[in-house]
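# Inside the fold
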Amino acid sequence: RNPHGLEVSSETATHAFWWKAFHYFTQQEQFIDEEVKYIFRELYNWFARKGIAKGNPPDFHNQKGKIYILGLAQPFFPTPKSLTGWNFKDFPIRVKTKRYVAKSLASGLTTTNKALFTTEIDATTLDYSYPWFLQETIEAEADVTVFICGRRRYGFLRSRDGLVGLDWRKECFTNQSGLEWQPRDLSTDETKAVDGFCRCLGVEWGRLDFLQVEGRLTFLEFNANGQWAFLDPTGKLGLVDGVIHYLLGEP
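Since the model is a prediction, treat every value here as computed from it, not as a measurement.

### Some details on the nonpolar core
Core analysis: the biggest nonpolar cluster contains 23 residues, and Phe197, Leu208, Phe219 and Phe222 have the highest contact counts within it. The element that contributes the greatest number of residues to this core is helix α4 (residues 188–201), accounting for 5 residues. Residues within four places of phenylalanine 197 in sequence aside, it is in contact with Ile69, Leu72, Ala73, Phe76, Phe77, Leu208, Phe219 and Phe222. Within the second largest apolar cluster, 11 residues are counted, among which are Tyr154, Phe156, Leu239 and Tyr246.

### Details of the sheet that holds strand β7 (residues 142–149)
Across the sheet, 5 strands lie side by side as β9-β8-β7-β10-β11; this open sheet has antiparallel pairing. A single partner strand is all that each edge strand has here, and the edge strands are β9 (182–183) and β11 (216–223). Bridge count between β7 and strand β8 (residues 152–159): 8 bridges; the pairing is antiparallel. Bridge pairing links valine 146 to glycine 155 in β8.

### Notes on the environment of serine 82
If you trace the backbone, serine 82 turns up in strand β3 (residues 82–85). Residue class for serine 82 comes out partly exposed when judged on its relative accessible area of 28%. Sequence separation of serine 82 and leucine 134 is 52 residues, and the distance between their C-alpha atoms is 5.7 Å. Of the polar contacts made by the side chain of serine 82, one reaches the side chain of glutamine 135; its length is 3.0 Å.

### Here's the deal with the side chain of asparagine 56
With respect to the secondary-structure elements, asparagine 56 resides in the loop between β2 (53–54) and α2 (60–63). Here alanine 224 takes part through its backbone oxygen, which lies 2.8 Å from a polar atom of the side chain of asparagine 56.

### Quick look at the pairing of β3
Because side chains alternate across β3, one face comprises the buried residues Leu83 and Gly85, and the other comprises Ser82 and Thr84, none of which is buried. Summarising the sheet, β3 and strand β6 (residues 132–136) pair through 4 bridges and their orientation is antiparallel. Bridging across to β6, leucine 83 finds its partner in leucine 134.

### What about unusual backbone geometry?
Its identity as a non-glycine residue notwithstanding, serine 107 has a phi of 60°, on the positive side. Relative to the assigned elements, serine 107 resides in the loop between β4 (100–103) and β5 (119–121). Unusually for a residue other than glycine, glutamate 214 sits at a positive phi of about 50°. Tracing the sequence through the fold places glutamate 214 in the loop between β10 (205–213) and β11. A relative accessible area of 75% means that glutamate 214 is categorised as exposed.

### So, the pattern of salt bridges
Applying the stated criterion across every chain yields a total of 8 salt bridges. The closest approach of N and O atoms between arginine 99 and glutamate 120, which form a salt bridge, is 2.5 Å. In this pair, arginine 99 is assigned in the loop between β3 and β4 and glutamate 120 in strand β5, connecting sequence segments 21 residues apart. Judged by its relative accessible area of 35%, arginine 99 is partly exposed. Residues arginine 184 and glutamate 190 are paired through a salt bridge, measuring 3.0 Å at the closest nitrogen-oxygen approach. The two residues arginine 184 and glutamate 190 agree in class, both being buried. One connected set of salt bridges, linked through shared partners, spans Arg99, Glu120 and Glu139.

### Quick word on a nonpolar patch on the surface
Where nonpolar side chains cluster on the molecular surface, the patch consists of Val240, Ile244 and Leu248 and spans about 230 Å² of accessible area. Mapped onto the elements of the fold, isoleucine 244 is located in helix α5 (residues 239–247).

Basis of the calculations
- Residues numbered from 1 in each chain as written.
- Predicted model: local features only at pLDDT ≥ 70, side-chain atom pairs only at ≥ 80, totals over all residues.
- Heavy atoms only, no water.
- Core = buried A, V, L, I, M, F, W, Y, C linked by side-chain atoms within 4.5 Å.
- Buried < 20%, exposed > 50% of the residue type's maximum accessible area, 1.4 Å probe, protein only.
- Helix = DSSP H or I, 4+ residues; strand = E, 2+ residues; numbered from the N terminus.
- Contact = heavy atoms within 4.5 Å.
- Pairing = 2+ DSSP bridges.
- Polar contact = N/O pair within 3.5 Å; in protein donor to acceptor, adjacent residues only side chain to side chain.
- Salt bridge = Lys/Arg side-chain N within 4 Å of Asp/Glu carboxyl O.
- Patch = residues over 30% accessible without salt bridge, like charges linked within 9 Å, V, L, I, M, F, W, Y side chains within 5 Å.
- Areas by Shrake-Rupley, 256 points an atom, 1.4 Å probe, with all protein chains shown as cover.

So, to be careful, I would describe these as geometric facts and stop short of saying anything about function.
Written as structure tokens, this is what we have:
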């Protein structure tokens, strides 16, 4: 029940959608926090059993991580050579280029509330006793993201011109048109590849992130419960309407 008196229960709900609910129920008492999280997992599974749950389950990335998903993407898209682990004797990744980036697997914060964005590194200087997720550096002209919403495919492009560093999230700049992301049509082959990947992964919701290199898409990762409204902040492109139709099961 919310402060306005509107209420919902497992018996009365007709549609259910999971989106990072844990972020909004953090208590000082760990016991209460864990109990609330458990209740939300029960709710999702209750609705999933009834066939009225939308989106992806709360533990999606616990079951299917970044490396696993990169492997699934390989038949459909080029993917960067990748390495993860710790306590290496030396640097075992073998690629033509000698440039590498470090990324975060879990996207968690440090104890000092800092984040690791995609950062180019000198592989010879790393302390390999620490866990690393490394990939070959890819020179790209643009970032591309494809929002999956039921049968709908929304493609967007963001130029890397003027980007300082490698990760656009670290530097939220805008281009000359005033919009950070521009709609990008998917070719027939790209649409088939996206659809094939989604069938293979078993998803109908989420975001696929790519780098565009000479017009071709290189797959980076799949975000099962990522943000999407920033792609269409004014609502002119129809994302909000598309999401509403998907959540309500409308054509």
